[in-house]
Amino acid sequence: MRKLSIKLHEKRPALDSIGRHLGMFVERHEVTVKHLDAFLDAVATVLTRYLPPERARVAVLELAQVAKDTYARSRPPTDAGAA
């Protein structure tokens with residue numbers, strides 16, 4: 001009589017891999033104000049290299065305003081009437 005041994009792998013990592021592959025899990029990455037400021041600084045630096053100073057300044061101000069508005073819309077509304 002022959003002896004047969006079967007080695008089984010862990011089930012949870014396999015299920016996690018399948019779920020990620022099928023897009024069942026949504027990974028969210030938080031963007032903080034610190035990240036946004038660093039990005040805007042980098043964009044401002046690049047713009048000043050390729051645009052006249054006044055146009056670069058206006059573009060940076062507009063980008064900052066768009067970022068601020070977008071960030072404000074993405075925040076959950078606060079209940080101002082709650083005490």
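Computed from a prediction, not measured in an experiment: that's the story for all the values here. (Residues numbered from 1 in each chain as written. Predicted model: local features only at pLDDT ≥ 70, side-chain atom pairs only at ≥ 80, totals over all residues. Heavy atoms only, no water.)

Summing up its helical and strand segments, the protein has three helices and zero strands in all. When burial is assessed residue by residue, the protein has 7% of its 83 residues classed as buried. Entry remark: accessible area of the protein is about 8400 Å², with carbon and sulfur atoms responsible for 60%. (Helix = DSSP H or I, 4+ residues; strand = E, 2+ residues; numbered from the N terminus. Buried < 20%, exposed > 50% of the residue type's maximum accessible area, 1.4 Å probe, protein only. Areas by Shrake-Rupley, 256 points an atom, 1.4 Å probe, with all protein chains shown as cover.)

This brings us to the packing of helix H2 (residues 33-50) against helix H3 (residues 53-74). Viewed as axis vectors pointing N to C, H2 and H3 meet at an angle of 160°, and their least axial separation amounts to 10 Å. Put simply, H2 runs roughly antiparallel to H3. When you trace H2 past H3, the crossing you get is right-handed. Together, Val33, Leu36, Leu40, Val43, Ala44, Leu47 and Thr48 of H2 and Ala56, Ala59, Val60, Leu63, Ala64, Ala67 and Tyr71 of H3 make up the contact between the two elements. The residue makeup of the contact of H2 with H3, split by class, is 13 nonpolar, one polar and no charged. (Axes fitted to C-alpha atoms, helices over the stretch in contact; angles between N-to-C directions. Parallel < 35°, antiparallel > 145°, perpendicular 65-115°, else oblique. Left-handed = near helix turned anticlockwise from the far one by under 90°. Contact = heavy atoms within 4.5 Å. Nonpolar A, V, L, I, M, F, W, Y, C, P; charged D, E, K, R; others polar.)

According to the stated counting rule, one finds one salt bridge in the structure shown. In this structure, glutamate 54 and arginine 57 form a salt bridge, with 2.9 Å as the shortest nitrogen-oxygen distance. Remark: arginine 57 and glutamate 54 occur in helix H3; sequence separation between them is three residues, near one turn of the helix. The class of glutamate 54 is partly exposed, set by a relative accessible area of 46%. By relative accessible area, arginine 57 is classed as partly exposed at 46%. (Salt bridge = Lys/Arg side-chain N within 4 Å of Asp/Glu carboxyl O.)

A cluster of nonpolar residues, Leu15, Ile18, Leu22, Met24 and Phe25, forms a patch on the protein surface that exposes about 560 Å² of accessible area. Following the sequence through the fold, leucine 15 ends up in helix H1 (residues 11-21). Leucine 15 sits in the exposed class, given a relative accessible area of 57%. (Patch = residues over 30% accessible without salt bridge, like charges linked within 9 Å, V, L, I, M, F, W, Y side chains within 5 Å.)

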